[in-house]
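Architecture at a glance
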Amino acid sequence: MKENSKKAGIHLLEKGKRGIFRVIFSRSGLILVLLAMQVLFLFSIFHWFEAFLPHIYGGVVIFTFFMVLYLLNSAMDPTAKITWLVVVMLLPVFGALLFLYTQKNIGHRALKKRYAELNTETAETLVQSPETAQALGQSDPGAAALARYVQRSGCYPGYDHTAVTYFPLGEDKFREMLIQLEQAKRFIFLEYFIMAEGEIWDRLSDILCRKSRQGVEVKLIFDDFGSMMRMPNEKIDALQDAGVEVRVFNPVHHYVNRLYFNYRDHRKITCVDGDIAYTGGANIADEYANLIERFGYWKDCGLRLEGEGAWGLTREFLQMWQRMDGQLYHEYDYYRPLHHPLEQGFCQTVVDGPDDNPNNAAEDLFLQMIGRARREVYITTPYLAIDESMLKALCLAAESGVDVRLIMPGIPDHKFAYLVAESYFDQLMAHDVKIYTFTPGLVHGKTVLTDRETAFVGSVNMDYRSFQLHFECGEVFYGTPAIETLLEDMDTTMAHCAPMTPERMAERPFWRRAMGTVLRLFAMWM
């Protein structure tokens, strides 16, 4: 018995060693080593300057003064501005070096230029139908004004003749999406932040390989940072061997020398034959369908567009594919919807990314929706790291008599980010904003609903990273039956929530409150 126990212990120890070596010598381990070396390099430069500080103290003060002036007058987001002011004032030399190091963004500027070129070349695919604009104006003048604003922000025109279906759970979306993928005849496009091996991936990859062998055009984009710890290379090789075209967005090891990897493709898009498109908060991984448990019950959501409105997400995928030097075998019109169902309401694709900073289409859309609300604003988000304008908009709406409700996780997936979120709660509640935490687990869906008339579902979190650093997408829809489905889901979710109260906030230990306050200064990196 003892001998068996000893052998079992040795086996576990050897397995653990193999696991450690696997991590150390993996691509992720190499990237972490390279990053650590760069941080040490920056600190060594700082240490070298530090030796001369007593002799050049006056120069450092003047240098810091001009750096502060530059930051105060820059066009960057206020949250980033405050963070960099704190860093530069506390560590003048190191802070300035770090700022310059992270702001070079040579690769990002090239990507931005390519995006502008593609938009110019394909501008004719974004023409607003006068009949649709007129119909929306007659149906809801307020929604028509919002749709015009969204389009002028660099997003898509409004579409009618679209069946919009809201899925309250990630598993609902995946179940229906896999059925539609099985029926694909012309093309399948997927673009996701996270793709992880597991049951969902096995079923998906089987369909993609079969369809590719049948002659269906299959293209796949996934974010390297989001997937690198969870998607083995051999899984991707199997797809490519079957003829699936794959592009990895922003490979981390290519940009580890300039922190360009901070810009990520956070979108969730599936397109089938031009007629159907999906978006929402769920990535391709088992936890999003509750096949495995992480952070309690995973409450996500999804959206399906069938008809003219599917063109927005399809075109946006094509744009990203070409930006990554992917090849297209047909003109854009080949990928347009063929079916135009007669359905109630309108929809509009919203896209955002660091290309158009300091303009932020998604954040501006939310500000517009909150500011126009007359009766209610319901929001679900896993994270909350907002600037003064968003905070003020929520507080002003609530103080004006609008029923403002914020639904957040009861079991967060990122502890530090949740401490930042908590740092806003007291101020929001003081202005009558109602906050609910989902007791069974993690709320991961990203939705906004106003006045039972307008809603948004997509990949955009209520935080700095989504508004400033990530490539995001979503759909705003007006007067569709899906709005009532979303409202019912929000009501059901709130029934499983605990309301946040001043008493609950006061029960938090001092260290938790202090950490939230400090971390809020660095919300842009959360």
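This structure is a prediction, so every number in the text was calculated from the model and none was measured.

So, on to the overall build of the protein. Summing up its helical and strand segments, the protein has 21 helices and 20 strands in all. By residue count, 56% of the 526 residues in the protein fall in the buried class. Summarising the internal contacts of the protein: among those between residues at least 6 apart in sequence, 82% fall at separations of at least 24.

Another point: the side chain of D273. Structurally, D273 is set in the loop between β6 (268-272) and β7 (276-280). It turns out D273 is buried and unbridged, and the closest side chain with the opposite charge, R186, is 4.7 Å from it. Engagement of the side chain of D273 in a polar contact is seen with the backbone nitrogen of K185, the distance being 2.8 Å. D273 has contacts with Q183, A184, K185, R186 and F187, leaving out every residue within four places of it along the chain.

This paragraph deals with helix α16 (residues 388-399). In a regular helix each residue adds 1.5 Å, so twelve residues correspond to 16 Å; α16 covers 16 Å between its end C-alpha atoms and thus fits that length. Every buried residue of α16 is listed here: M390, L391, A393, L394, C395, A397 and A398. A positive phi of about 100° marks G401, the residue just after α16.

Quick look at the sheet that holds strand β1 (residues 158-159) now. On the basis of which strands lie adjacent, the open sheet formed by nine strands has the order β1-β10-β19-β17-β16-β11-β13-β14-β20 and mixed pairing. The open sheet has two free edges, formed respectively by β1 and β20 (497-499), since each of these has just one partner strand. Judged from the five bridges that link them, strand β16 (residues 446-450) and strand β17 (residues 454-458) form a sheet pairing that is antiparallel. Bridging across to β17, L449 finds its partner in A455. Those strands touched by helix α14 (residues 310-323) are β1, β10 (346-352) and β19 (472-478), and its axis lies near 20° from that of β10.

This brings us to the packing of α16 against helix α17 (residues 415-430). Contact pair α16 / α17: the axes reach a minimum separation of 9 Å and the direction vectors enclose 30°. Once α16 is placed against α17, the crossing between them reads as right-handed. Note on element contacts: α17 touches α16 through Y424, Q427 and L428, opposite L391, L394 and C395. When grouped by side-chain class, the residues that make up the contact of α16 with α17 number five nonpolar, one polar and no charged.

Our focus in this paragraph is the nonpolar core. If you look at the biggest cluster of nonpolar residues, it comprises 53 residues, and the most contacted ones within it are L365, F366, L384, L394, F425 and L428. With residues up to four places along the chain from it excluded, the contact list for L428 reads L384, L391, L394, C395, L406, V433 and I435. L303, L305, L449 and V457 belong to the second largest nonpolar core, which has 47 residues in total.

Now for the pairing of strand β13 (residues 403-409). With seven of seven residues buried, β13 is to be regarded as a mostly interior element. One ladder, built from five bridges, connects strand β11 (residues 376-380) with β13; its direction is parallel. Paired with E376 across the two strands is D403, which belongs to β13. The pairing of β13 with strand β14 (residues 434-438) spans five bridges and is parallel. Counterpart to I407 in the pairing with β14 is Y436.

The terminal C-alpha atoms of helix α8 (residues 141-152), which comprises twelve residues, lie 17 Å apart, in line with the 16 Å expected from a rise of 1.5 Å per residue. Listing the buried residues of α8 in full gives A143, A144, A145, L146, A147 and V150. Buried residues belonging to α8 abut α7 (130-139), β10, α15 (361-372), β17 and β19. At the exit of α8 stands G154, carrying a positive phi of roughly 100°.

Further remarks concern the pairing of β19. Of all seven residues in β19, seven are buried, a share of seventy percent or more. Note that β10 and β19 share seven bridges and pair antiparallel. Looking across to β19, one finds that T349 is bridged to E475. By the bridge criterion, five bridges tie β17 to β19 in an arrangement that is antiparallel. For T454, the partnering residue across the bridge sits in β19 and is Y478.

What the rule picks out here adds up to 15 aromatic pairs. Their ring planes at 20° and their centres at 5.9 Å tell us that F317 and W321 sit as a pair that is stacked. Taken together, the positions of F317 and W321, both in helix α14 and four residues apart, correspond to about one turn of that helix. Of the two residues, F317 and W321, neither departs from the other in class, the shared state being buried. Chaining the aromatic ring pairs together yields one cluster made of F187, F189, F317, W321, Y334 and Y335. When the ring centre of W321 is taken as reference, the NZ or CZ atom of R247 above it lies at 5.0 Å. The side chain of R336 reaches across the aromatic face of W311, ending 4.6 Å from its centre.

This brings us to the pattern of salt bridges. Under the criterion given, the structure shown has 22 salt bridges. For E182, the salt bridge goes to R210, with nearest N and O atoms at 2.8 Å. Of this pair, E182 sits in helix α9 (residues 170-182) while R210 is found in helix α10 (residues 199-213), placing the two residues 28 residues apart along the sequence. E182 gets classed as partly exposed once you look at its relative accessible area, which sits at 34%.

Definitions and limits used
- For every chain, the first residue of the written sequence is number 1, and numbering continues from 1 along that sequence.
- With the structure being a predicted model, the display of local features is reserved for residues of pLDDT at least 70 and the display and counting of side-chain atom pairs for 80 or more, all residues being used for whole-chain, interface and lining totals.
- Excluding hydrogens and water, the side-chain values take into account all heavy atoms of the structure.
- In this description a helix means any DSSP run of H or I spanning at least four residues, a strand means any run of E spanning at least two, and both kinds are numbered starting from the N terminus.
- Exposed residues in this analysis have more than 50% of their type's maximum accessible area, buried residues have under 20%, and partly exposed residues fall in between, with area computed by a 1.4 Å probe over protein chains only.
- Pairs of residues are marked as contacts when any of their non-hydrogen atoms sit within 4.5 Å.
- Counting rule applied: Lys, Arg positive; Asp, Glu negative; His and chain ends not counted.
- When a carboxyl oxygen of Asp or Glu lies within 4 Å of a side-chain nitrogen of Lys or Arg, that pair is called a salt bridge.
- Think of a polar contact as two N or O atoms within 3.5 Å of one another; within protein, one of them needs to be a possible hydrogen donor and the other a possible acceptor, and neighboring residues in sequence only count if both atoms come from side chains.
- A helix's residues, less one, multiplied by 1.5 Å, set its expected span.
- Strand pairing is assigned whenever DSSP detects at least two bridges linking the two strands.
- The axes used here are C-alpha line fits, helices contributing only the stretch in contact, and every angle between their N-to-C directions lies in the interval 0 to 180 degrees.
- Put simply, a crossing is left-handed when the front helix is turned counterclockwise from the back one by less than a right angle, and right-handed when it is turned clockwise.
- Any residue outside Ala, Val, Leu, Ile, Met, Phe, Trp, Tyr, Cys, Pro, Asp, Glu, Lys and Arg is labelled polar, Gly included; the first ten of those are nonpolar and the last four are charged.
- We call a set of buried residues a nonpolar core when its members are Ala, Val, Leu, Ile, Met, Phe, Trp, Tyr or Cys and they connect through side-chain atoms within 4.5 Å of each other.
- Each Phe, Tyr or Trp ring, with Trp reduced to its six-membered ring, pairs with another whose centre is within 6.5 Å; inter-plane angles below 30 degrees give stacked pairs, above 60 give edge-to-face pairs, and intermediate values give tilted ones.
- Note on criteria: charge over ring means Lys NZ or Arg CZ within 6 Å of the ring centre, with the direction from the centre no more than 35 degrees off the ring normal.

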